[in-house]
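Letter by letter, the chains look like this.
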Amino acid sequence: MSPLDHKLLRDLWRLKGQAAAIGAVVALGVLMLVMMTGLSASLTETRDAYYERYRLAEVFAPVARAPERLAERLGSIPGVSAVQTRVTGQALIDLPGRLLPVQAQALSLPDSGRPALNDVYLTDGRLPAPAQPDEVLLLRSFARAHGLVPGDHLRATMRGARRSFTIVGLAQSPEFLYTTAPGELVPDDARFGVIWMNRSGLAAAYDMSGAFNEALLGLAHGAGEAGVIDAVDRVLEPYGGIGAYARADQLSSRFVAEEINGIRVTAIAVPPVFLGVAAFLLYIVIGRLVQAEREEIGLLKAFGYTNAEVGAHYFKLILAIAIGGALAGCLGGIASGRAMTGLYTTYYKFPFLVFRLEPVSLVAGVSTGILAASTGGLFVMRRIFSLAPAEAMRPPTPPNYSGSGRIGQGLARVLDVPGRMVLRRLTRQPVRMAGAVVGIGCGMALSAAMITLHAGFDRTIELTYSVIDRSDVTVTFTHPVSSKTLFELARLPGVQRVEAVRHVPVVMRHGRISHRGALTGLPEQPELSRALDTDVRPIALPETGVILSRVLARKLAISPGELLRVDVREGRQPELTIPVAGIADSLLGAPAYMNLDALNRALREPRRVSGAALLIDEGQGPSIHAALQDMPVVAGVSVKSEARDAFVTLMDEGAGTTRYIMGAIAFVITFGIVYNAARVALAERQRDLASLRVMGFSRGEAAFVLLGELAVVTLVALPVGVVLGYFLSFAIAEGFSTDLYQIPVFFDPLSYGQATLVVLGAAVVSGWLVKRDLDRADLVATLKTRD
Amino acid sequence: MTQPAYRTEGLTKVYGEGRSAVHALRGVDLEIPEGEIVVLLGPSGSGKSTLLNIIGGLDRSTDGTAHFRDLCLTGMSDRQLTRYRRDHVGFVFQFYNLMPSLTARENVELVTDIAPHPLDPDDALELVGLRDRRDHFPAQLSGGEQQRVAIARAVAKQPDVLFCDEPTGALDSQTGRAVLRVLTDVNARLGTTLLMVTHAASTAAMAHRVIHFADGRIREVVRNETRVSPEEIAW
Ligand SMILES: Nc1ncnc2c1ncn2[C@@H]1O[C@H](COP(=O)(O)OP(=O)(O)OP(=O)(O)O)[C@@H](O)[C@H]1O
Ligand SMILES: [Mg+2]
């Protein structure tokens, strides 16, 4: 080993605290990159494998009632490789001990054999026996949520008829990775059930013998989806087809894709912030090392070491820290990626797990870690190159404090000697002090942005369920009904207020982009279910035109004044053209709002509503629920407190978990930065401080010189951190927002207060660690050597 | 021995500009023959270190020329100067300038690693009588010991020229003599040209040639007809 490598090792050992802190920052950035990309790759892989093994359809074609013989015609459409027809129907499940029945979907399974498409994964029990119309399979997550097991009985209402079934098995299905209560966006296992039963039995219940009301299609490799959908629509049109749609638009599939995409976006957007901080730290630390070793660098050059050789020596130091950090990050990333994938697998109810380690992400992790560190290092290299070898011949020149300035002289009269030393250093080396301030400011910003993000999540929940939606109960009707129905609701004892809503399922198109969603019609001055933007201002609903949420407008690439094509997917299925009247920031989902009257006018269906928001007297809840259940037009009732709970669960369990990890990482980084700043200050002043001690200053007085500087720098850094954090929180909130929910950014003083405490806490701990080292320092050794 | 090791003409060095300019060298014409011990004497601030730095390839002149054998130092690029120092020159500095994080032996290896014909580092330390202290760090050595390690380091590469800037400045008489003994031995055994700056006029007695420096100029060059050994020097 060459002597320079010995020096390298000893330098590393001497700088171990700082090296570890910087290495940790690099490691965390890399960890996140590896974990998140590994996670998104694994989830994608697992999902795809699941879809493939259980043959999830690629095109779904709902229809009112089509004769079974059409299956053959669908199968002969070019590009279609498999067809499976089935019967589906709405059902209400009565559960003992529950006031409200739960909405459910009943699906048929072939009387014998496995379905060609949309197979189920049987987890418990067995399939319904042929010719047993009373045996059902139940979606496992739903069964779990209600403690149901095979052998239990299930009471359900189908087309108005009360029936009793026996649960013979539990199943999972790629079609229902994500279940939501009808009309809601947030997944909830408990409030939506799926029942599978034999085709003949189900057909009898829904009057579908010899017919089907949904066709599932598989596509040949390379077949054009859009062409097939058009062809299917043409075949099913005469039978009440309401428009086939691709797998990407299937509810569960869409949400899963959306969440995986969210993870991927975070994986790309957030780690660079951390790695940037690491680069900055390395720049500061190595820069200071080079400054302190000026003479040694000159000496090496005097001996005939080339710039490249000297540069390489310091660069190796950087690389050692970066590679160490990056490798640790990779290992950590693999471990935590595995753990997170396990977590997500349960969350998404995948029956198996394909853990995919992206070799690319490891390489990318290590190389970005090294790249970031190198960037920091490159700036230092310039200083090494420009150092003249003659430096070595000169005695160490004391830093010039002669220009400390007027403030110094004015204040000097008030301060004692240590106080003056602190002050002079601050005013004399403004660039270095600014570096420390910006560094600590970055840490503060990172913490503040993460805490703000948490507050943003809470605010989303708060706004959605307390401000936007002030109702207690939402009623969904089986079909659009006359607004007179609302009077019936209003007459129920305990109902204090009733407000109309109309949701119309539509496909919105602009140019070649389309989006399956719904138009939401609201009354002129809604009080219960309101359209509000992120600033809690009511969104005015104009006489004509539609107000799009920003996410939706972005997806459709449309702006106010342009025309939106709307294919209605209910009733007579008219095709409308509606101008975009405005764009609003929304929190949950991607809504498109219209004035209720304007919507009904466009549909030529005056005074129709599809649901209602109710404000009720809690005390009369049970009787109201009982009454609602007896109304034949009521398809479902959702209680807001349950919806809210589901949302909180989503934020804490799903994609929301990563914010906790990132929050923890932000704290570690903040600490790393502050600790480094303190170490650098100690290293730069060690000789001065030892001299002070030799001259008879006490430990406390010497420490004051050092810690006073740290305190001033930290205090100055706080406002810098507030400003940086404000901007950073936009970037991070953007990374965490999905189509499903948007995280608003707002200035939350409490978050900044907490971030301030984090920074001050880090400063106190760092100061204590550094003071401990200072107290232990060997005076003589310090004075004898240069560093 | 027809060609001198060094030849300078009108060598000038100005630090800074305008009113604050310092004229450290004001036209130095000088010849240093191969294999000689040359001592530079002169008051503080007279430009001795500056001259050493320039012909040692550490710094650049403002004007004039300097040659080492056939090489024109004043026209060299940074890269060429590095090459020159690496292949031909050894330094002993006024302030010991050891790497604090390397042991004595490693400090010597620092130079032997990149030299074309180095001594064994242990042998070099033996020369200065510090072989048994080779695993000690600079902080564990006295000032004189540190300076001897610095000499071992400079000698170990067996350079053509050895530059010493006040090598005994911080040493007591006995250690100082020991250091000088090492230097004269190296000169005698290896034929190394030695250029040494000193404040102690008595040291000049061991040189072949003494250059008196004042105010950035050579005032006088004296050839010693008889030289004394380091042990006889009055301290
Ligand atoms: N980097 C520099 N910038 C400005 N002036 C310098 C610099 N280096 C040296 N000088 C000036 O050049 C002059 C010559 O300096 P030099 O170091 O060569 O003197 P010296 O003869 O070696 O003195 P000493 O015996 O004290 O070491 C001095 O006046 C010194 O102040
Ligand atoms: Mg000098």
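All figures in this text were calculated on a predicted structure; none of them were measured in a lab.

Enquirer: When you look at the packing of helix H8 (residues 271-292) of chain A against helix H14 (residues 430-468) of chain A in this model, what are you seeing that I'm missing?
Expert: The angle between the axes and the distance between the axes are what describe a pair of packed helices. All names here are of chain A. H14 packs onto H8 with a crossing angle of 155° between their chain directions and a minimal axis gap of 11 Å. Comparing their axes, H14 and H8 come out roughly antiparallel. Of the two elements, H8 crosses H14, and the hand of that crossing is left-handed. The segment H8 lies against H14, with Val273, Phe274, Phe280, Ile284 and Gln291 engaging Arg432, Gly435, Val438, Gly439 and Leu446. Among the residues forming the contact of H8 with H14, the class breakdown is six nonpolar, three polar and one charged.

Enquirer: I would appreciate a short explanation of the domain arrangement of chain A in the present structure.
Expert: For interface size, the figure often reported is the accessible area lost on association. Split into domains, chain A comes out as domain 1 (1-56 + 252-397), domain 2 (88-198), domain 3 (421-469 + 644-787) and domain 4 (495-616). The gap between the C-alpha centroids of domain 2 of chain A and domain 4 of chain A is 32 Å.

Enquirer: Even after reading the chapter, I still don't get the side chain of A:Lys7, so can you show me in this structure?
Expert: With respect to the secondary-structure elements, A:Lys7 resides in helix H1 (residues 3-14). We classify A:Lys7 as buried; its relative accessible area is 0%. Those residues in contact with A:Lys7 that sit more than four places away from it in its chain are A:Glu293, A:Glu296, A:His313, A:Tyr314, B:Met99, B:Ser101 and B:Leu102.

Enquirer: Is there a simple way to think about the site of ligand 1 in this case?
Expert: Not every one of the 14 residues close to ligand 1 is listed here, only the nearest: B:Ser44, B:Gly45, B:Lys48, B:Ser49 and B:Thr50. At the site occupied by ligand 1, nearby residues are drawn from chains A and B. With respect to ligand 1, the side chain of B:Ser44 contributes an N or O atom lying 2.5 Å from an oxygen atom. For ligand 1, an oxygen atom lies 3.0 Å from a polar atom in the backbone of B:Gly47. Burial of ligand 1 by the protein amounts to 66% of the accessible area it has alone, namely 630 Å². For the shell around ligand 1, the elements supplying multiple residues, two or more each, are strand S2 (22-32) and helix H1 (48-55) of chain B.

Enquirer: When you look at the sheet that holds strand S8 (residues 193-198) of chain B in this model, what are you seeing that I'm missing?
Expert: Whether parallel or antiparallel, the strands of a sheet pair through hydrogen bonds between backbone atoms. Residues and elements named next belong to chain B. What the six strands build is an open sheet, ordered S6-S7-S8-S3-S9-S10; its pairing is mixed. With partners counted over all chains shown, the strands left at the sheet margins are strand S6 (89-92) and strand S10 (217-223), one partner each. Pairwise comparison of adjacent strand axes, ignoring direction, gives a mean angle of 15° for this sheet. When strand S3 (residues 37-41) meets strand S9 (residues 209-214), the two strands line up parallel, connected through four bridges. Pairing of Val38 across the sheet is with Arg209, part of S9. With respect to the sheet, H1 is in contact with S3, strand S7 (161-165), S8 and S9, its orientation differing from that of S7 by roughly 155°. Sheet strands touched by helix H2 (residues 78-88): S6 and S7. Its angle to S6, the strand with the most contacts, is close to 80°.

Enquirer: Any chance you could explain the sheet that holds strand S10 (residues 211-219) of chain A here in plain terms?
Expert: Residue and element names in this part refer to chain A. What the four strands build is an open sheet, ordered S2-S10-S1-S11; its pairing is antiparallel. In the strand order of this sheet, the two ends are held by strand S2 (80-86) and strand S11 (245-246), each with one partner. With six bridges connecting them, S2 and S10 associate as antiparallel partners. When the bridges of S10 are listed, Val83 appears paired with Leu217.

Enquirer: Looking at this model, I keep getting lost on the nonpolar core. Mind explaining?
Expert: In summary, soluble globular proteins display a tendency toward joint burial of nonpolar side chains. Core analysis: the biggest nonpolar cluster contains 162 residues, and A:Ile669, B:Tyr6, B:Leu51, B:Ile55, B:Tyr84 and B:Phe163 have the highest contact counts within it. At 16 residues, the largest contribution of residues to this core is made by helix H2 (residues 16-53) of chain A. Beyond its immediate stretch of four places on either side in the chain, B:Tyr84 contacts B:Tyr6, B:Ile55, B:Gly56, B:Gly57, B:Phe68, B:Leu71, B:Leu73, B:Met76, B:Val89 and B:Phe163. Core analysis: the second largest hydrophobic core is formed by 36 residues, A:Phe142, A:Leu170, A:Val194 and A:Met208 among them.

Enquirer: Just to check I follow, could you spell out the pairing of strand S19 (residues 608-616) of chain A for this structure?
Expert: Looking along a regular strand, one sees the side chains alternate between the two faces of the sheet. Residue and element names in this part refer to chain A. For S19, a buried count of seven out of nine residues is recorded, marking the element as mostly surrounded by other parts of the structure. Alignment of strand S12 (residues 473-482) against S19, held across six bridges, turns out to be antiparallel. In the strand pairing of S19, Val473 is matched with Leu614. Relative to S19, strand S13 (residues 495-510) is paired through six bridges, and the arrangement is antiparallel. Bridging across to S19, Arg497 finds its partner in Leu615.

Enquirer: I tried to follow unusual backbone geometry on my own but got confused; where do I start?
Expert: Where the residue is not glycine, phi is negative for most of them; where a peptide bond is considered, it is trans in most cases. Positioned with a positive phi, A:Ala557 is a non-glycine residue whose angle comes to about 50°. By the element assignment, A:Ala557 lies in the loop between helix H16 (550-556) and strand S16 (563-568). Notably, B:Gln158 is not glycine yet its phi reads approximately 50°, a positive angle. Along the chain, the position of B:Gln158 falls in the loop between helix H5 (143-156) and S7.

Cut-offs and rules
- Residues numbered from 1 in each chain as written.
- Chains lettered and ligands numbered in written order.
- Predicted model: local features only at pLDDT ≥ 70, side-chain atom pairs only at ≥ 80, totals over all residues.
- Heavy atoms only, no water.
- Axes fitted to C-alpha atoms, helices over the stretch in contact; angles between N-to-C directions.
- Helix = DSSP H or I, 4+ residues; strand = E, 2+ residues; numbered from the N terminus.
- Parallel < 35°, antiparallel > 145°, perpendicular 65-115°, else oblique.
- Left-handed = near helix turned anticlockwise from the far one by under 90°.
- Contact = heavy atoms within 4.5 Å.
- Nonpolar A, V, L, I, M, F, W, Y, C, P; charged D, E, K, R; others polar.
- Domains from an automatic or database assignment.
- Buried < 20%, exposed > 50% of the residue type's maximum accessible area, 1.4 Å probe, protein only.
- Near = heavy atom within 4 Å.
- Polar contact = N/O pair within 3.5 Å; in protein donor to acceptor, adjacent residues only side chain to side chain.
- Areas by Shrake-Rupley, 256 points an atom, 1.4 Å probe, with all protein chains shown as cover.
- Pairing = 2+ DSSP bridges.
- Core = buried A, V, L, I, M, F, W, Y, C linked by side-chain atoms within 4.5 Å.

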